[in-house]
Amino acid sequence: MIPDMGPHAAFIWMSYAIMTGVLAALIAWLILDGRKQSRLLAALEARSAKRSDK
Amino acid sequence: MMQSFLALVRRDLGLAVREGGAVGTALGFYLIVVTMLPLGLGPDLKQLGRIAPGMLWIALLLAALLSLARIFESDDEDGSLDVLATGSLPLEAVAAAKSLAHWISTGIPLTLLAPLLGLLLNLDLDAYLPLVATMLVGTPAISFLGAVGAALTLKARRGGLLIALLVLPLFIPTLIFGISAVTSIMLDTGGSRAAFLILSAISLGSLVIGPIASAAALRLQLQ
Amino acid sequence: MQTQTITQKLANPTFFMNLSAKILPWLSSFAAILIIYGLTLGFATPPDYQQGQTVKIMFIHVPAAWLSMMAYGLIAVSSFGLLVFRHPLADVSAKAAAPIGAVFTLIALVTGSLWGKPTWGTYWQWDARMTSVLILFFLYLGLMALRSSIEEESLASKLTAVLALTGIVILPVIKFSVNWWNTLHQPAGVLKGGLDPVFLKPLLFSAVGFSLLFFALHMKGMRNEIIRRRVKARQLKEVDRAARAHGVEA
């Protein structure tokens, strides 16, 4: 049961929702960006490893 | 060193005069913006009179902003900046000289135009002298801090707009105290002397901080 | 025998990557736990006698505002570390902190606005604190805009550092001037007064939790940036190698 947040409940919920949404977006960007860079690095390292094997 | 400093100021002033268009543009911009205010807000003289000090100050800031890029640009383009950087005058003094020249060639003319524009906005009679006084004292901060923005964006793309974004927050103290000094005389609320002194302190501070930061930024780009 | 200070050890990116890989999961977990605990406590508090339930917005607004300022301080310290000590990771720190600081500033502004509407009746109130946070937001935008406008990375990092340090020097003056301006135009009547202790505990937990979250995000951002620079370095080497293989001067 969600407690009654009074007459201005919408503002309270919106604040928390926006905060959660914005932070979630930021966290998602950081995680996805990290994965992308790691993938790129791994690919580049694989290429140079192949080259030195030749 | 003083001689080199003054020589540089005189040179920049000479260039500004010859290139008269730029100063004229700033003055013209000031006039146009102030003209648009009643067009946008309505011709109610009482209302205009109330907001006149603020509007005159803000429009002056914007007009000065237009001309900031040129402080270092033209010298950078033809290589004179490199010569100045390796010369006997320390780069901080070069930046100070150029900021001073900007103030004399742009800040002061804008300040002198302000009372005329005050007529258009029904500025309170009591406010004319404080307005000019605060602008004379406050515009050096605009030139000296504005130079920092010009120095930082020397080699940047879209430099003109970027300068505005970087430099307007730095102008806020000057704006607040400049307007406050005028309106407190207008509305007779006291505190104008304090505001004026703080305004002066800020400008004096900018005479030091501005050249140091400008020189640091220039040094990084002239290697 | 040489002992290194922590900052000296951290000058080695590999050391930083290893250390942060170990710390990050713990940091994020603690952050999450503290935030959830703090906010749950917050929701259990009674309505404030003046503001009603909207006081609960404070539990996220105040930490966000505090972090927006702390992030700028971190950028200033990092900028100092770059320009004066040439610390290898100083720029990575500054670059990573800017978008995170901007996000917390934005959250502070939005939640402040939503807090203000029921409390003062308007979505925006030009009180000293909100105005200062708004100006701080511009400073962040300026930092990010300047950095992105300069192509050469090393130059961009140093110019951004100069801007950050100029900003931190002017920031107290700006705050002072905004306070002054506010007392002129805002006659008394703004809800101030001590904080009822029942609100203090959730606020503290929330504040610490969000601070840990900030550091976790910052650390993650730094890790990403370090990898990004390694990628760029390798890509440049590849281009160089390919150009030379084809007999072209790179």
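Note that the structure is a prediction, hence the values are computed from the model and not measured. (Residues numbered from 1 in each chain as written. Chains lettered and ligands numbered in written order. Predicted model: local features only at pLDDT ≥ 70, side-chain atom pairs only at ≥ 80, totals over all residues.)

Chemist: Describe the overall build of chain B, with residues and values.
Modeler: Helix and strand content of chain B: nine helices and zero strands. The helix and strand sequence of chain B, counted from the amino end, reads α-α-α-α-α-α-α-α-α. Relative to the 2.2 N^0.38 estimate, which gives 17 Å for 223 residues, the radius of gyration of chain B is 18 Å and therefore close to what a compact globule would have. When the backbone C-alpha atoms are referred to their principal axes, chain B occupies close to 55 × 35 × 30 Å. Counting all 223 residues of chain B, 50% fall into the buried class. If you take every contact in chain B between residues at least 6 apart in sequence, the share linking residues at least 24 apart comes to 81%. (Helix = DSSP H or I, 4+ residues; strand = E, 2+ residues; numbered from the N terminus. Rg over C-alpha atoms; globule rule 2.2 N^0.38 Å. Buried ≥ 20, exposed ≤ 12 C-beta atoms within 10 Å, placed from the backbone. Contact = placed C-beta atoms within 7 Å.)

Chemist: Give me the lowdown on the overall build of chain C, citing residues and values where you can.
Modeler: Counting its regular elements, chain C contains seven helices and zero strands. Ordered by position in the sequence, the α and β elements of chain C form the string α-α-α-α-α-α-α. For chain C, the C-alpha atoms occupy an extent of roughly 75 × 40 × 40 Å along the three principal directions. Put simply, of all contacts in chain C between residues at least 6 apart along the chain, 78% involve residues at least 24 apart.

Chemist: I'd love a proper account of the packing of helix 8 (residues 159-186) of chain B against helix 6 (residues 153-185) of chain C, names of residues and values included.
Modeler: Running from N to C, helix 8 of chain B and helix 6 of chain C cross one another at 30°; their axes reach a closest spacing of 9 Å. Considering the angle they form, helix 8 of chain B stands roughly parallel to helix 6 of chain C. In the packing of helix 8 of chain B onto helix 6 of chain C, the handedness of the crossing is left-handed. Residue-level contacts link Leu 166, Pro 169, Leu 170, Ile 172, Pro 173, Ile 176, Phe 177 and Ser 180 of chain B of helix 8 of chain B to Leu 163, Ile 170, Val 173, Ile 174, Ser 177, Trp 180, Trp 181 and Leu 184 of chain C of helix 6 of chain C. Here the contact of helix 8 of chain B with helix 6 of chain C is built from residues that sort into 14 nonpolar, two polar and no charged. (Axes fitted to C-alpha atoms, helices over the stretch in contact; angles between N-to-C directions. Parallel < 35°, antiparallel > 145°, perpendicular 65-115°, else oblique. Left-handed = near helix turned anticlockwise from the far one by under 90°. Nonpolar A, V, L, I, M, F, W, Y, C, P; charged D, E, K, R; others polar.)

Chemist: Give me the lowdown on the nonpolar core, citing residues and values where you can.
Modeler: Most often, soluble globular proteins keep nonpolar side chains buried together rather than apart. With 150 residues, the main nonpolar core has Leu 56, Leu 60, Ala 151 and Ala 217 of chain B as its most contacted residues. Each residue touching Ala 217 of chain B, except ones within four places of it in the same chain, is listed here: Val 148, Ala 151 and Leu 152 of chain B together with Leu 159 and Val 162 of chain C. (Core = buried A, V, L, I, M, F, W, Y, C linked by C-beta atoms within 7 Å.)

Chemist: An account of the confidence of the model for chain C is requested, with residue identities and associated values reported.
Modeler: Residue and element names in this part refer to chain C. Averaged over every residue, the pLDDT of chain C is 87; residues scoring 70 or more account for 93%. Taken element by element, chain C is modelled with least confidence in helix 1 (residues 6-9), mean pLDDT 77, and with most confidence in helix 3 (residues 58-85), mean pLDDT 94. Overall fold confidence for the complex sits at a pTM of 0.88, while the interface term, ipTM, reaches 0.87. (pLDDT = per-residue confidence, 0-100.)

Chemist: Could you give an account of the interface of chain B and chain C, with specific residues and numbers?
Modeler: Between chain B and chain C, the contact holds 23 residues from the first and 23 residues from the second. Contributions of two or more residues to the side of chain B that touches chain C are made by helix 7 (128-152), helix 8 and helix 9 (192-221) of chain B. Here the side of chain B that touches chain C takes 10 residues from helix 8 of chain B, the largest share from any one element. Classifying every residue of the side of chain B that touches chain C gives 18 nonpolar, two polar and three charged.

Chemist: Now, about the arrangement of the chains: what can you tell me, with residues and values included?
Modeler: Take the two pairs of chains in contact: the one carrying the most contacts is chains A and C. No interface is formed between chain A and chain B, the nearest pair of C-alpha atoms being 24 Å apart.

Chemist: Explain the confidence of the model for chain B to me, and be specific about the residues and the numbers.
Modeler: For chain B, mean pLDDT is 89; residues scoring 70 or higher make up 100% of the total. Here helix 4 (residues 70-77) of chain B is the element of chain B with the lowest mean pLDDT, 82, and helix 7 of chain B is the one with the highest, 94.

Chemist: So what about helix 2 (residues 13-44) of chain C? Which residues, and what values?
Modeler: All names here are of chain C. Between its terminal C-alpha atoms helix 2 stretches 44 Å, which fits the 46 Å expected from 32 residues at 1.5 Å a residue. In helix 2, a bend of some 35° at Ile 23 exceeds every other bend along the element, and Pro 25, a proline, comes one to four places later. Along helix 2, the positions that sit buried rather than exposed are Phe 16, Ala 31, Leu 34, Ile 35, Gly 38, Leu 39 and Gly 42. Buried residues belonging to helix 2 abut helix 3 and helix 7 (197-245). (Expected span 1.5 Å × (residues − 1). Bend = angle between axes of the 7 residues up to and from the residue.)

Chemist: Go over the packing of helix 3 (residues 45-68) of chain B against helix 7 of chain B with me, naming the residues and quoting the values.
Modeler: The relative placement of two packed helices is expressed as an angle between their axes plus a distance between the axes. All names here are of chain B. Viewed as axis vectors pointing N to C, helix 3 and helix 7 meet at an angle of 35°, and their least axial separation amounts to 10 Å. The two elements helix 3 and helix 7 meet at a crossing, and its hand is right-handed. Touching Pro 53, Leu 56, Leu 60, Leu 61, Ala 64 and Leu 68 of helix 3 are Leu 131, Met 135, Ile 142, Gly 146, Gly 149 and Ala 150, all from helix 7.

Chemist: I'd like a rundown of helix 4 (residues 90-120) of chain C, residues and numbers included.
Modeler: All names here are of chain C. Its 31 residues place the ends of helix 4 42 Å apart at the C-alpha level, agreeing with the 45 Å of an ideal helix rising 1.5 Å per residue. Burial analysis of helix 4 places 23 of its 31 residues in the buried class, which makes it a mostly covered element. Downstream of helix 4 by a residue or two, Gly 121 has a phi angle that is positive, lying close to 95°.

Chemist: So, the environment of Phe 29 of chain B: which residues are in play, and what are the values?
Modeler: Residue and element names in this part refer to chain B. With respect to the element layout, Phe 29 can be found in helix 2 (residues 21-41). When the C-alpha atoms of Phe 29 and Leu 62 are compared, they prove to be 8.6 Å apart, with 33 residues separating the residues in sequence. Leave out the neighbours within four places in its chain, and Phe 29 touches Ala 63 and Leu 66.

Chemist: So what's going on with the environment of Leu 170 of chain B? Residues and values would help.
Modeler: As for its placement among the helices and strands, Leu 170 of chain B is situated in helix 8. Each C-alpha atom, one on Leu 170 of chain B and one on Leu 187 of chain B, is 27 Å from the other, the two residues being 17 residues apart in sequence.

Chemist: Let's hear about unusual backbone geometry: which residues, and what values?
Modeler: Here the phi dihedral of Asn 122 of chain B falls at roughly 55°; this positive angle occurs in a residue that is not glycine. Position of Asn 122 of chain B relative to the elements: it lies in the loop between helix 6 (91-120) and helix 7. Of note, Arg 86 of chain C is a non-glycine position whose phi angle comes to about 50°, a positive value. With respect to the helices, strands and loops of the structure, Arg 86 of chain C is situated in the loop between helix 3 and helix 4.

Chemist: Give a description of the environment of Lys 201 of chain C that names residues and reports values.
Modeler: Take Lys 201 of chain C: it is sitting in helix 7. As for Lys 201 of chain C and Leu 212 of chain C, which are separated by 11 residues in sequence, their C-alpha atoms are 17 Å apart.

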